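# Structure at a glance
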Amino acid sequence: MAPWLIGFSVFFGYPLVMSVYLSFTHYDLLSSPKWIGFANYRYLFEDDPQVGGAVTNTLWIIGVMVPLQVMFAFGVALMLARARHGTGFFRTIFYLPALAPPVAATLAFVYLLNPATGPVNIILKQLGIEGPLWFQSPGWSKPSLVLLGLWGVGNIMIIFLAAILDAPRQLYESAELDGAGPLQRLRWVTLPTISPVILFSVVIGVIAGLQYFTQAYVAANVAAGQASQAGDQTVNNLGYPEGSTLFYPVLLYQHGFKFFNMGYASALSVLLLVVAFTITVLIIRNSRRWVHYAGAVK
Amino acid sequence: MRRVGIGLLATLALCAAAAGATARTSAHAAAKAENITIWVGWSARELKAFKKIVAEYDKKHSDVNVKVVGGINDDKITASIRSGNVPDVVSSFTSANVGSYCKSGAWIDLKPFLSKDKLDVNVFPKTSQYYTQYNGKRCALPLLADVYGLYYNKKMFKAAGLKGPPKTMSLLTAYAKKLTKRGAGGSIKVAGYNPFLGFYAGNAPDLSAYAPLYGAKWISGDGKSQLSKDPAWARLLRWQKNLIDWYGYKKLQKFNAGAVDEFSASHAFEIGKLAMMIDGEWRVAFIKDEHPELDYATAPAPVDDAHPELYGAGYVNGTIIGIPKGVKHKDQAWKLLKYLTFDPHPLALFSNAIRNVPTTKASLNSPEIKPDPRFKTFLKIFANPKSKTSPITAAGNAYGTLIQAFTVKWQAGHAGDLQAGLKKLDKQIDAQLKQAKAGGVP
Amino acid sequence: MSSASVPVAAALVRRRPPSSVRRRRFLLAVADHSLLITASLMFLAPFVFIMLTALMTNSQALSSHLWPSPFRWQNFVDVFHQAPIWRWALNTMIYACLATLGVLLSSIPVAYALSRIKWRGRNFAFGLVLIALMLPPVVSVVPLYVMWAKLHLVGTLAPLIIPNWFGDAFSIFLLRQFFLTIPEEYLDAARVDGCGELRILVTVVLRLAKPAIAAVALFSFLYTFNDFFLPLLYTRENPDWWPLQIGLSEFRSLHQVQWNLTMAATLLVMAPVIIVFFLAQRAFVEGVTLTGVKG
């Protein structure tokens, strides 16, 4: 037990305290931290031109990708649960993309969605549709990331599948006896029974959304490279195009590990901690209204 | 369970063996002469040329072993200095960052070394002296310079009945329109001139390559950003936007996405997809290596119609090289640095190999230089007194990022009124400079 | 007489239906599954395109061709010449193996202590675990980096591996939930025999908890294999220690961009995980289910 407690305090407690301390300093790792009071927070809330966009982007990703992922995973799991033949085969196909490392998957998607030479736009052209600019367009870059996210819902889908198949048969049978049609059975039997799983996926999804980094970072760099084709990377590509992929963790990375403004990055991380905690607590509190645990009668 | 246990043990043994092997090799290397590492930004063919020059130095000096690491960019330099894993000599392509390197002490002051060896920095041209120091603190030296000029495809010019390079922006626009060939649905098959900011180095989104052609000033005498006050910037941006709109913004984006990496053999200009471009002098070596059959010529870049006297000038910057903070073998590092920057022999050889501009008078006139008529254009532009470089500020290259954020929106048509946008940009840059000088927040 | 004819009639009915009926049933099944088939085609499409691109020549990859001609299997070999893939793979294995080992060795005792041993402050400690679970690691990244920089360990894999030897909140949580389901009788029987808690853990609990442990090991390995953010912070400036993911992201700019080779490299990086999946399918699915249902 002792090693874990040590680890907890070193890798968890200490960083929290240090983050708060550093957020009140200017620190670039070359000289010692210089106390500057609330200046970092003032810049964060008033002057930083990128923070507003970063917050909006992260909220967008949470508000759009999480529900879409949960619904899509649920839909696919439902189809699988109902299918009778070859379920193992289909299940494997749907789970495979979730195994792909995020870097590899993002690279692949940026290439596939290349507006000029990518297969997707080529096929769309054959069908007579002028494909959008995908990762090169500020309006389409986030939807492209959502597509990437939907491709990898395998994990959540498997959990849904197990939960759906676990649902007690008696509930279905008694509902049928009461005259409930398939849609009503879905609404009143399936959904409540798997509501703990829905809660779980939503919480996981929100936490993942608050930390969304890898795909945004790789996509921005690769897409910018496609556009500029520049050999050296002296330009700041984070958030390409036009800041549309600048999510909050990416902004934190930029200030902390590109510009090495450790003090400001700490301020950003303290804000993130407060928001993350609040959102999680809100979700869990709200969930008591609609989540049914086995055995509870509402 | 047992199988899992054996598997675990096996992998653990493998991991331990790997760790042990790497530890042994590093210990072995430390036993010989002093090992120093030099980081450079070059890669592929250019890196090979640099390694040859360093190998020659290595052979002559048995008391030191030099390891060359290529493909370095400023992010890696900054990260390594912060984390304490520094190379002994470091070089960067972003000369504009020297301001932050010198100010923060990330690169050490070279004055004591220069005075000890009685070396005079006036052997370097004035511009190169400027972009290797900040506020009198000299923390870098120039290692070959870069100059931007116009490249144009003679074959396409002949086919279109055009004579000689365009000398003004209006001529450039007219030629570009004439040389452009469209494909199905209006897509761009061959572009006369691609003005898309961000496409290839000549279109740096911080407008650096274009500024000297319009006589535009970045910062006034009292250190305030001039983007909204100097009318040259607005003229430049409007010219650029008009040409983009003529091509079609989305169509240009598709053209860019379908083009190839700037340093690959299928560079758009080299394979005839681009008729004219503004690019650095290094392109001469790339074309010779990859497409020697290309019928092209070089000339100074066209200038603003309102300032024909600027013709012959261009944007100048170069590679800067210095010693980072925290280096142990300072003397060996300095010896290598001195050799690379002052000695005409490596400078001339390296200049021949990668076709960058030599930065000392001695190397420029060295008998080892191999003349090239198309490269000569750039030597002339470099010597032109009206050629300019980017301002060196305490924030380093950070103002370029702010400018980039604006110009990228502007060329997409998302920036609204130009003057208002430039005024806001000026305010942002001024705020950034103020905070950088005071050592404050970003 | 009639009672004998009924079973005979039933046997007649149960013989194979005529082919027209079978065909209709098959078509119905396809129609039923049409959504599934379409969805799975869409899920597979990216893999197919990646594979096709990986087999093209560089100029073909940049043109509007969808089908490579000829098939350039040489690309997969070229990838190894262009970049130190073996070194990257070795780095990834070092990171993943040592980290997974650390997670197992440190999380199991903690989970056991939290679930089966009664001691004061147990619930409080569990609360701490829950809080650690909900904390985005992005938040603690800055001070930790400062700490590692002062220790001169940035540029190595140490900052990535060492924290895993102090327990991982997610694994602890999962293992604890599973341990809770082990009937107390087993443990009591061992206690009666005079076993200390540690022996109970090793001999009884571990054997019973094999699926959960396998799941934790698998997830830890997968997570570290795919990890990008932490290696980016700590090894970016030292190419000697790049793991596969960092190497892949830098592959594009190492030599000139060659999309065919990049796609080949992408496939190579995806391959180990997919192979492991096929070998350990059951463990995978069970593990994922475990996390969702118990969570």
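Residues numbered from 1 in each chain as written. Chains lettered and ligands numbered in written order. Predicted model: local features only at pLDDT ≥ 70, side-chain atom pairs only at ≥ 80, totals over all residues.

## Notes on the overall build of chain C
Under the convention used in this document: Runs of H or I in DSSP of at least four residues are treated as helices and runs of E of at least two as strands, each being numbered from the N terminus. Exposure in this text rests on C-beta crowding, where 20 or more other C-beta atoms within 10 Å of a residue's own make it buried, 12 or fewer make it exposed, and counts in between make it partly exposed. The C-beta atoms are placed from the backbone. Residue pairs qualify as contacts under a 7 Å threshold applied to their C-beta atoms, which are placed from the backbone.
Across its full length, chain C holds 17 helices and 0 strands. When burial is assessed residue by residue, chain C has 44% of its 295 residues classed as buried. A fraction of 77% describes how many contacts in chain C between residues 6 or more apart in sequence connect residues 24 or more apart.

## Overview of the overall build of chain B
In plain terms, the rule: The quantity called the radius of gyration is restricted to C-alpha atoms. Its globule counterpart is 2.2 Å times the number of residues to the power 0.38.
Helices and strands together make up the secondary structure of chain B, namely 18 helices and 11 strands. Taken over the C-alpha trace, chain B has a radius of gyration of 24 Å; the compact-globule value for 442 residues is 22 Å, and the two agree within 12%. Projected onto the principal axes, the alpha-carbon positions of chain B cover approximately 70 × 65 × 50 Å. In chain B, buried positions account for 51% of the 442 residues. Put simply, of all contacts in chain B between residues at least 6 apart along the chain, 75% involve residues at least 24 apart.

## A look at the environment of Ala132 of chain C
Mapping Ala132 of chain C onto the fold places it in helix α7 (residues 122–134). As for Ala132 of chain C and Arg72 of chain C, which are separated by 60 residues in sequence, their C-alpha atoms are 49 Å apart. Sequence-distant contacts of Ala132 of chain C, defined by excluding residues within four places in its chain, comprise Phe8 and Phe12 of chain A together with Ala169 of chain C.

## Focus on the environment of Ala81 of chain A
All names here are of chain A. Relative to the assigned elements, Ala81 resides in helix α3 (residues 51–82). When the 16 C-beta atoms within 10 Å are taken as the criterion, Ala81 is described as partly exposed. Note: C-alpha distance between Ala81 and Trp140 (59 residues apart in sequence) is 33 Å. Setting aside chain neighbours within four positions, we find Ala81 in contact with Leu161, Ile164 and Leu165.

## Overview of the confidence of the model for chain B
Residue and element names in this part refer to chain B. Under the convention used in this document: Per residue, pLDDT captures the predictor's confidence, and it can take any value from 0 to 100.
When the pLDDT values of chain B are averaged, the result is 86; 92% of them are 70 or greater. This model gives residues 1–13 a pLDDT under 50, and the stretch forms 6 contacts once residues within four places in sequence are excluded. Low confidence marks residues 15–31, where pLDDT is under 50. Its contacts with residues over four positions away, or in another chain, come to 9 contacts.

## Brief notes about the interface of chain A and chain C
Selection rule: Classes in brief: Ala, Val, Leu, Ile, Met, Phe, Trp, Tyr, Cys and Pro nonpolar; Asp, Glu, Lys and Arg charged; the others, Gly included, polar.
In this complex, chain A contributes 66 residues to the contact, which on the side of chain C involves 60 residues. Looking at the side of chain A that touches chain C, the element that brings in the most residues is helix α1 (residues 2–22) of chain A, giving 13 residues. Partitioned by chemical class, the residues of the side of chain A that touches chain C number 53 nonpolar, 13 polar and no charged.

## Section: the nonpolar core
What counts, and what does not: By definition, a nonpolar core groups buried Ala, Val, Leu, Ile, Met, Phe, Trp, Tyr and Cys residues that are joined through C-beta atoms within 7 Å.
Core analysis: the largest hydrophobic core is formed by 291 residues, its most contacted members being Met157 and Phe160 of chain A. For this core, the leading source of residues is helix α6 (residues 85–115) of chain C, giving 16 residues. Leave out the neighbours within four places in its chain, and Met157 of chain A touches Ala73, Val76, Ala77 and Phe94 of chain A.

## Observations regarding the domain arrangement of chain C
Residue and element names in this part refer to chain C. As a reminder, the rule being used: Bear in mind that the domain bounds are from an automatic or database domain assignment.
Domain boundaries in chain C define domain 1 (2–72) and domain 2 (80–294). Secondary-structure elements contributing two or more residues to the side of domain 1 that touches domain 2 are α3 (34–54) and α4 (58–61). With 4 residues, α3 is the largest single contributor of residues to the side of domain 1 that touches domain 2. Of the residues assigned to the side of domain 1 that touches domain 2, the class counts are 6 nonpolar, 3 polar and no charged.

## Thoughts on the pairing of strand β9 (residues 274–280) of chain B
Residue and element names in this part refer to chain B. Defined as follows: By definition, two strands form a pair when at least two bridges between them are found by DSSP.
Where burial is concerned, most of β9 is hidden: 7 out of the 7 residues are buried. As paired strands, strand β6 (residues 141–153) and β9 are joined by 5 bridges and run antiparallel to one another. Bridge assignment links Gly149 to a residue of β9, and that residue is Asp279. Across 2 bridges, strand β8 (residues 188–193) lies against β9 in parallel orientation. Looking at β9, one finds that Tyr193 is bridged to Met276.

## Looking at the pairing of β6 of chain B
Residue and element names in this part refer to chain B. Along β6, 13 of the 13 residues are buried, which leaves the element largely enclosed by surrounding structure. Bridging between β6 and strand β11 (residues 316–322) involves 5 bridges; their strand directions are antiparallel. By the bridge assignment, Asp146 is partnered in β11 with Asn317. Pairing of β6 with strand β10 (residues 296–299) involves 4 bridges; the strand directions are antiparallel.

## Quick notes on the domain arrangement of chain B
Residues and elements named next belong to chain B. For chain B, the domain assignment lists domain 1 (32–146 + 316–383) and domain 2 (147–315 + 392–438). For domain 1 versus domain 2, the separation of C-alpha centres amounts to 28 Å. Each side of the interface is counted separately: domain 1 has 27 residues, and domain 2 has 24 residues. Broken down by element, the residue count for the side of domain 1 that touches domain 2 peaks at 6 residues, all from helix α16 (residues 373–383). A per-class count over the side of domain 1 that touches domain 2 returns 14 nonpolar, 7 polar and 6 charged.

## Points about helix α13 (residues 248–258) of chain A
Residue and element names in this part refer to chain A. Among the 11 residues in α13, 10 count as buried, and that is most of the element. Along α13, the positions that sit buried rather than exposed are Tyr248, Pro249, Val250, Leu251, Leu252, Tyr253, Gln254, His255, Gly256 and Phe257. Just past α13, the residue Phe260 takes up positive phi, approximately 55°.

## Re unusual backbone geometry
All names here are of chain B. The backbone phi angle of Asn135 is positive, close to 55°, even though this residue is not glycine. The exposure class of Asn135 is exposed, given the 10 C-beta atoms found within 10 Å. Positioned with a positive phi, Tyr200 is a non-glycine residue whose angle comes to about 65°. Tracing the chain through its elements places Tyr200 in the loop between β8 and α9 (211–214). On the basis of neighbour counts, which here come to 27 C-beta atoms within 10 Å, the residue Tyr200 falls in the buried class.

## Observations concerning the environment of Val70 of chain A
Residue and element names in this part refer to chain A. Mapped onto the fold, Val70 is located in helix α3. Sequence spacing of Val70 and Leu191 is 121 residues, and the spatial spacing of their C-alpha atoms is 12 Å. Setting aside chain neighbours within four positions, we find Val70 in contact with Ile156, Ile198, Ser201, Val202 and Gly205.

## So, helix α2 (residues 39–47) of chain A
All names here are of chain A. To be explicit about the condition: Taken from the helix axis, the directions to the C-beta atoms give the arc we talk about.
Among the residues of α2, those classed as buried are Asn40, Tyr43 and Leu44. Axial view of α2: buried residues confined to an arc of 100°, hence all on one face. Of the surrounding elements, those touching the buried residues of α2 are α3 and α14 (262–287).

## Comments concerning the confidence of the model for chain C
All names here are of chain C. Overall, the predicted model of chain C reaches an average pLDDT of 79, with 85% of residues at or above 70. When mean pLDDT is compared element by element in chain C, helix α14 (residues 229–235) scores highest at 91, while helix α1 (residues 2–13) scores lowest at 52. Confidence estimates for the predicted assembly give a pTM of 0.84 and an ipTM of 0.84.

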